[in-house]
Every structure is written in C-alpha cells, then in structure tokens.
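This is what each chain is made of:
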Amino acid sequence: MKQQENKVALITGINGQDGSYLAEFLLEKGYEVWGAIKRNSVAENQTARLDDVYKQLLGKLHYADLTDLASLISLIQQCQPDEIYNLAAQSHVRISFDQPIYTAQATGVGVLNLLEAVRLTKPDAKIYQASSSEMFGNSIDIDGFQRETTPMNPVSPYGCAKVYGYNICRNYRNSYDMFISNGILFNHESPRRGTNFVTNKVAKTAVEIKKGLRNELRLGNLNATRDWGHAKDYVEAMWLILQQDTPNDYVCSTGISHSVKDLVEYTFNKLGLDWKQYVKVDKKYLRPEELEDLKGDSTLLRGLGWKPKYTFESMMDEMIEYWMEKL
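For clarity, every value in this text was computed on a predicted model and none was experimentally measured.

Help me out: how do you make sense of the overall build of the chain in this one?
Along its length, the chain carries 10 helices and 13 strands. On C-alpha atoms alone, the chain measures out to a radius of gyration of 19 Å, which is about the 20 Å that the 2.2 N^0.38 rule sets for 327 residues. Along the three orthogonal principal directions, the C-alpha set of the chain runs to about 60 × 45 × 40 Å. Scored against the burial criterion, the 327 residues of the chain give a buried share of 56%.

Quick question: what am I supposed to make of the nonpolar core here?
Among soluble globular proteins, nonpolar side chains are generally buried collectively. The biggest cluster of nonpolar side chains holds 34 residues, and the ones touching the most others in it are Ile 11, Leu 22, Leu 26, Val 33, Tyr 85 and Tyr 128. Within the residue set of this core, elements represented by two or more residues are strand 1 (8–12), helix 1 (17–28), strand 2 (32–37), strand 5 (126–132), helix 7 (231–242) and strand 11 (249–252). Here this core gets 9 residues from one element, more than from any other, and that element is helix 7. Residues in contact with Leu 26, not counting those within four places in the same chain, are Ala 9, Ile 11, Tyr 31, Val 33, Tyr 85 and Trp 239.

What is the right way to look at the environment of Gln 243 in this model?
Within the fold, Gln 243 resides in the loop between helix 7 and strand 11. Sequence separation between Gln 243 and Trp 275 is 32 residues, and the spatial gap between their C-alpha atoms is 44 Å.

Explanation requested: the sheet that holds strand 3 (residues 61–63) in the structure shown.
Two orientations exist for strands paired in a sheet by backbone hydrogen bonds: parallel and antiparallel. Read across the open sheet, the 7 strands follow the order 3-2-1-4-5-6-11; overall the sheet is parallel. At either margin of the open sheet sits one strand with a lone partner, and together these are strand 3 and strand 11. Direction aside, neighbouring strands of the sheet carry axes that sit 20° apart on average. Two elements, strand 6 (residues 180–185) and strand 11, share 4 bridges in a ladder whose sense is parallel.

Sorry if this is basic, but what is going on with the pairing of strand 4 (residues 83–86) here?
The two faces of a sheet get side chains in turn, since along a regular strand they alternate between them. What you see with strand 4 is no split at all: Glu 83 and Tyr 85 on one side and Ile 84 and Asn 86 on the other are buried throughout. Alignment of strand 1 against strand 4, held across 4 bridges, turns out to be parallel. Within strand 4, the residue paired with Leu 10 across the bridge is Ile 84. Bridge analysis of strand 4 against strand 5 gives 4 bridges, and the strand direction is parallel.

Help me out: how do you make sense of the state of the cysteines in this one?
Chemically, a disulfide is nothing more than a covalent bond linking the sulfur atoms of two cysteines. All told, the structure shown has 0 disulfides when counted by the stated rule. Cys 169 provides the cysteine sulfur closest to Cys 79, a residue in no disulfide bond, and the two sulfurs are 18 Å apart. By relative accessible area, Cys 79 is classed as buried at 5%. Free of any disulfide, Cys 252 has its nearest neighbouring cysteine sulfur in Cys 169, separated by 17 Å.

What exactly am I supposed to notice about the pattern of salt bridges here?
Should the charged atoms of two oppositely charged side chains come close, the side chains can pair. Scanning the model with the defined rule gives 18 salt bridges in all. The partner of Lys 309 in a salt bridge is Glu 236, and the shortest N-O contact between them spans 3.1 Å. With Lys 309 in the loop between helix 9 (299–302) and helix 10 (312–326) and Glu 236 in helix 7, this pair connects stretches of sequence that are 73 residues apart. Where salt bridges share partners, they join Asp 141, Asp 143, Arg 147 and Asp 297 into one cluster.

I'm lost on the environment of Leu 114 in this one. Help?
Along the polypeptide, Leu 114 turns up in helix 4 (residues 100–121). With sequence-adjacent residues up to four places away left out, Leu 114 is seen in contact with Leu 66, Leu 72, Ile 76, Ile 84 and Asn 86.

Explain helix 7 to me, please; I cannot follow it from the model alone.
Along an α-helix, residues three or four positions apart point the same way, because every turn accommodates 3.6 residues. An ideal rise of 1.5 Å per residue puts 16 Å on 12 residues; helix 7 measures up with 17 Å between its terminal C-alpha atoms. For helix 7, the buried fraction is high: 10 of the 12 residues fall into the buried class. Burial in helix 7 covers these residues: Ala 231, Asp 233, Tyr 234, Val 235, Ala 237, Met 238, Trp 239, Leu 240, Ile 241 and Leu 242.

Is there a simple way to think about helix 5 (residues 157–176) in this case?
Taking 1.5 Å of rise per residue, the 20 residues of helix 5 would be expected to cover 28 Å, and the 28 Å separating its terminal C-alpha atoms lies within 8% of that figure. Packed against the buried residues of helix 5 are helix 3 (93–98), helix 4, strand 5, strand 6 and strand 11. A positive phi of about 55° marks Asp 177, the residue just after helix 5.

Hey, could you run me through the packing of aromatic side chains in this one?
Applying the stated criterion to the full structure yields 9 aromatic pairs. Ring centres of Phe 268 and Tyr 278 lie 6.1 Å apart, and the angle between their planes is 20°; this geometry places the pair in the stacked category. Here Phe 268, found in helix 8 (residues 260–270), pairs with Tyr 278, found in the loop between helix 8 and strand 13 (279–281); they are 10 residues apart in sequence, far enough to count as distant. You'll find Phe 268 and Tyr 278 in the same group, each marked buried. For the cation-ring pair, Lys 201 lies above Tyr 285, with the distance from its terminal atom to the ring centre recorded as 3.5 Å.

What is the right way to read the pairing of strand 1 from this model?
In terms of burial, strand 1 is a largely internal element, 5 of the 5 residues being buried. Side chains of strand 1 alternate between two faces, with Val 8, Leu 10 and Thr 12 and Ala 9 and Ile 11 buried alike. Pairing of strand 1 with strand 2 involves 5 bridges; the strand directions are parallel. When the bridges of strand 2 are listed, Thr 12 appears paired with Ala 36. Assessed by its sense of winding, the connection that carries the chain from strand 1 through helix 1 to strand 2 is right-handed.

What counts as what
- Residues numbered from 1 in each chain as written.
- Predicted model: local features only at pLDDT ≥ 70, side-chain atom pairs only at ≥ 80, totals over all residues.
- Heavy atoms only, no water.
- Helix = DSSP H or I, 4+ residues; strand = E, 2+ residues; numbered from the N terminus.
- Rg over C-alpha atoms; globule rule 2.2 N^0.38 Å.
- Buried < 20%, exposed > 50% of the residue type's maximum accessible area, 1.4 Å probe, protein only.
- Core = buried A, V, L, I, M, F, W, Y, C linked by side-chain atoms within 4.5 Å.
- Contact = heavy atoms within 4.5 Å.
- Pairing = 2+ DSSP bridges.
- Axes fitted to C-alpha atoms, helices over the stretch in contact; angles between N-to-C directions.
- Disulfide = S-S within 2.5 Å.
- Salt bridge = Lys/Arg side-chain N within 4 Å of Asp/Glu carboxyl O.
- Expected span 1.5 Å × (residues − 1).
- Phe/Tyr/Trp six-rings, centres within 6.5 Å; stacked < 30°, edge-to-face > 60°.
- Lys NZ or Arg CZ within 6 Å of the ring centre and 35° of its normal.
- Right-handed = clockwise from strand over helix to strand, strands pointing away.

Here it is as structure tokens:
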C-alpha cells in the first residue's frame with residue numbers, strides 16, 4: 001500500500017463543480033491528481049473551475065469520455081490510480097428529457113465502460129460512483145426521508161440511468177470482489193454550480209434584478225422541495241467513503257429540505273426585493289414527470305464521522321455574495 005502522500009487519484013468530470021472542489025481537496029491531502037475531461041469545441045472555458053489549482057494539474061488532465069472505452073483504458077493504464085472518482089455524467093435532469101438516449105449512454109452505460117476499464121487494467125483501484133437522490137423518484141419512507149433502503153422509482157431518464165450505474169456498481173463489487181462504493185448524493189450547490197441549475201439561476205438572476213440588469217426570473221415548479229447541501233462538504237464525504245476498509249453505499253444529505261419557493265424568498269429577501277414582483281412560472285421549465293420531495297437520511301455516513309459545515313442559508317449567502325462581486 002502506498003503512503004497517503006503518494007496516492008494517485010483519477011477524477012472523471014474533474015472540470016465540473018464537484019470535480020474541481022474534489023481536486024483541490026485531494027491536492028491539499030498530498031495526492032497526485034489526474035483528471036478526465038470531455039472535449040468541448042471551445043477549449044477556453046472548460047477548465048475555468050480549476051484555475052486555482054491548474055498549475056498543479058499540468059500534464060495530468062487528459063481528454064477521455066465515458067462513452068469511449070478505449071480512452072478510459074488508455075488513461076487508467078497511464079496514471080495507475082489508487083482511487084477513482086467517477087463524477088462525469090450528463091447531469092442535468094430537465095435536459096435528460098431532451099437527450100434521453102445520450103443520457104442513458106453517458107450516465108448509465110458510461111459507468112459500465114469505466115468498471116470494465118478498471119477490471120481489465122487496475123482491478124485493485126478503489127472506485128467511487130456518484131449516484132443520485134434522483135434514483136428514488138417519488139418513493140419516500142413513511143417518516144418522510146429517503147435512505148439506502150428506500151425503493152428506487154426514478155421519474156426521469158437521468159434518474160433511470162443513475163439507477164443502472166448504481167446497480168452495475170453493486171454487481172461488479174459482488175461479482176469481481178472490486179472495491180466500489182456508491183455515494184447517493186442529494187442536491188449540492190456552490191458558486192461553481194452551472195447557472196442552468198435552480199439554486200445558482202435564482203442567485204444570479206436575483207442579483208441581476210437588484211443591479212437593474214434584468215426584470216424577471218422564470219422558473220418551473222415552485223413547490224418542489226429539495227435537500228440542498230454545499231458541494232465542498234459533499235466532496236469530503238466522497239473521499240471519506242473510499243477510506244473505509246470495505247465498500248458500501250451511503251446517502252449523503254443534510255436531512256433538511258426547502259421548497260424552490262423558500263429558496264426564491266430567502267434570496268430576494270436577502271437583497272431587499274419582493275420576489276412576487278419578479279418571479280414567473282414558465283411551462284418550459286416543468287418536467288414531464290415531476291419529482292416533488294427529496295429529503296435524505298445520512299445516518300450511515302455520519303457514522304463515519306461526516307458532518308456538513310454549511311447550512312442552507314450560509315450556502316445561499318456565499319452564492320449571492322459571489323454574484324454581487326462578479327456582476
């Protein structure tokens with residue numbers, strides 16, 4: 001076993017919100033960090049979230065794609081990772097209805113490609129799979145929570161693809177005795193979240209309205225409730241999950257949920273605005289099948305010593321502050 005400071009980690013989707021925070025976290029712990037990036041035709045902005053640590057990743061960022069098995073095998077052979085964090089996916093739920101087949105290939109079958117690549121080239125690597133609360137759909141335990149044992153009834157192509165990824169991980173774990181753990185993460189946000197996701201969309205647009213740059217915010221279902229945490233807290237959970245002696249599946253959540261309306265109200269109040277004057281519901285943002293309520297019970301994970309540092313309010317404050325400075 002290598003000493004911790006020499007551990008090699010490979011992060012797929014390293015240039016996303018979670019990937020960038022995880023890269024910073026692992027570099028601080030002395031890891032050698034490699035990253036897989038999906039090629040965009042515009043190269044300029046795709047590593048923007050990695051600006052703070054870009055120099056430490058020089059020569060370690062490589063183009064690869066979950067839908068391209070050969071690229072995964074090549075990268076794993078090259079970096080020989082001790083730990084692999086699979087964070088790459090088509091990760092937007094609403095867009096998964098527009099691109100269901102691509103979502104199934106990237107978010108579902110892509111996981112199988114990665115597992116096969118690892119099995120063939122580095123079967124002793126520990127694998128973290130980014131599973132999602134969207135896998136539960138509208139299935140809720142009698143006490144109002146979702147946990148590891150809650151039945152999975154996804155209500156989007158994204159949720160369905162994530163269930164396949166989750167199950168194929170469990171299958172490979174049992175069939176080939178590989179160390180593969182699922183982190184069933186509930187919604188997690190930050191200033192690095194894409195602005196087509198509701199939290200950052202609300203934060204950014206509210207600030208634009210405050211600054212006179214815009215006069216309305218269009219949203220979908222205001223009554224949907226979500227268990228929102230901060231991405232920084234959640235990447236720490238990912239790492240912790242792979243430090244265990246045996247692989248397992250863990251829900252990662254705050255255990256507190258808020259509605260989209262709560263989110264809007266909090267943000268606009270913080271900026272001294274009356275949200276009712278600016279917010280309009282637009283059918284375009286409604287899903288063909290709505291997911292109403294998400295609230296996670298992370299007792300199992302907290303038993304490993306994990307505890308979120310951010311509250312819903314401190315997370316939103318950080319996002320509002322970010323846009324106040326940025327705009």
